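Observations on the model geometry
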Amino acid sequence: MKIDIIGSVASGKTTLAKRISKKYGVPYYEKDNIVWKRTANGDVKRSPEERDIYFYDIIKENDWIVEGSPRKVLKESFDCCDNVIVLDEYTIIRLARVFKRWIRQRRGRESYNSRPTWDFLWLNIKWVFEFNRMKKGLLQELSHYGEKVKIFKHSKDAYAFVMENYLQAWFNRESYYELVKEMLLQAEVYVCERNNGK
């Protein structure tokens with residue numbers, strides 16, 4: 001399973017990635033945390049070389065989920081993923097989530113990477129509308145990847161798509177592993193019986 005989830009701030013990207021990760025046991029990564037190194041003394045931006053090595057180490061694995069807002073870097077996952085999931089949630093819902101998240105963070109009820117200051121609230125509102133302005137260009141860029149790009153208005157619909165399209169494949173893969181395991185066990189028993197017969 002290789003999935004890249006893209007969307008605006010507060011579109012449900014991280015929530016969706018966590019749900020899929022928990023269901024299938026696949027690690028998920030926030031692109032923000034690939035660009036930025038979180039330290040006790042604040043965020044430190046990784047150098048382009050360090051950032052790219054970190055990202056390549058992730059996407060060379062067999063299973064991963066990455067999520068983040070559109071950016072000019074970290075696009076290599078588009079080529080090697082199974083699906084690019086675009087979350088295009090309604091603007092009013094995204095704005096409501098931004099305010100709700102900011103209030104919860106201010107009250108200490110939700111963790112955060114960046115301090116929930118008034119300036120950060122304004123930045124989040126700005127990013128919501130920036131996504132709207134760049135959406136047409138983003139979708140045009142993603143159109144080159146054809147059928148692997150899936151656009152959803154709500155994260156719950158994206159989750160239903162993943163459940164429908166990956167559950168059988170995951171079951172088949174697990175069944176394959178069980179079959180191989182059983183064959184190896186039988187081969188081991190056969191060898192033991194032959195050795196004991198000598």
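To be clear, the structure that these remarks concern was listed above.
A short tour of the structure in this document, coming up. Only a predicted model underlies this, so the values are computations on that prediction, with no experimental measurement involved.

Between its first and last C-alpha, helix α1 (residues 13–24) extends 17 Å over 12 residues, near the 16 Å set by a 1.5 Å rise per residue. When we look at burial in α1, the residues that qualify are Lys13, Leu16, Ala17, Ile20, Ser21 and Tyr24. Projected down its long axis, α1 shows its buried positions confined to an angular sector of 130°, all on one face. Those residues of α1 that are exposed and aimed more than 90 degrees away from the buried face are Thr15 and Lys22. Gly25, located one to two residues past α1, shows a positive phi value of around 70°.

In this structure the tally under the stated criterion is 14 salt bridges. For Asp32, the salt bridge is made with Arg71, and the minimal N-O distance between the two is 2.5 Å. On the criterion of sequence distance, the pair formed by Asp32 in helix α2 (residues 31–35) and Arg71 in the loop between β5 (64–68) and α4 (77–80) is long-range, its members being 39 residues apart. Across the pair Arg97 and Glu89 runs a salt bridge, and its minimum N-O distance is 3.6 Å. On the basis of relative accessibility, which here comes to 30%, the residue Arg97 falls in the partly exposed class. By relative accessible area, which is 3% here, Glu89 ends up buried. The network of salt bridges with shared partners includes Lys37, Arg46 and Glu50.

Definitions and cut-offs
- Residues numbered from 1 in each chain as written.
- Predicted model: local features only at pLDDT ≥ 70, side-chain atom pairs only at ≥ 80, totals over all residues.
- Heavy atoms only, no water.
- Helix = DSSP H or I, 4+ residues; strand = E, 2+ residues; numbered from the N terminus.
- Expected span 1.5 Å × (residues − 1).
- Buried < 20%, exposed > 50% of the residue type's maximum accessible area, 1.4 Å probe, protein only.
- Arc of directions from axis to C-beta.
- Salt bridge = Lys/Arg side-chain N within 4 Å of Asp/Glu carboxyl O.

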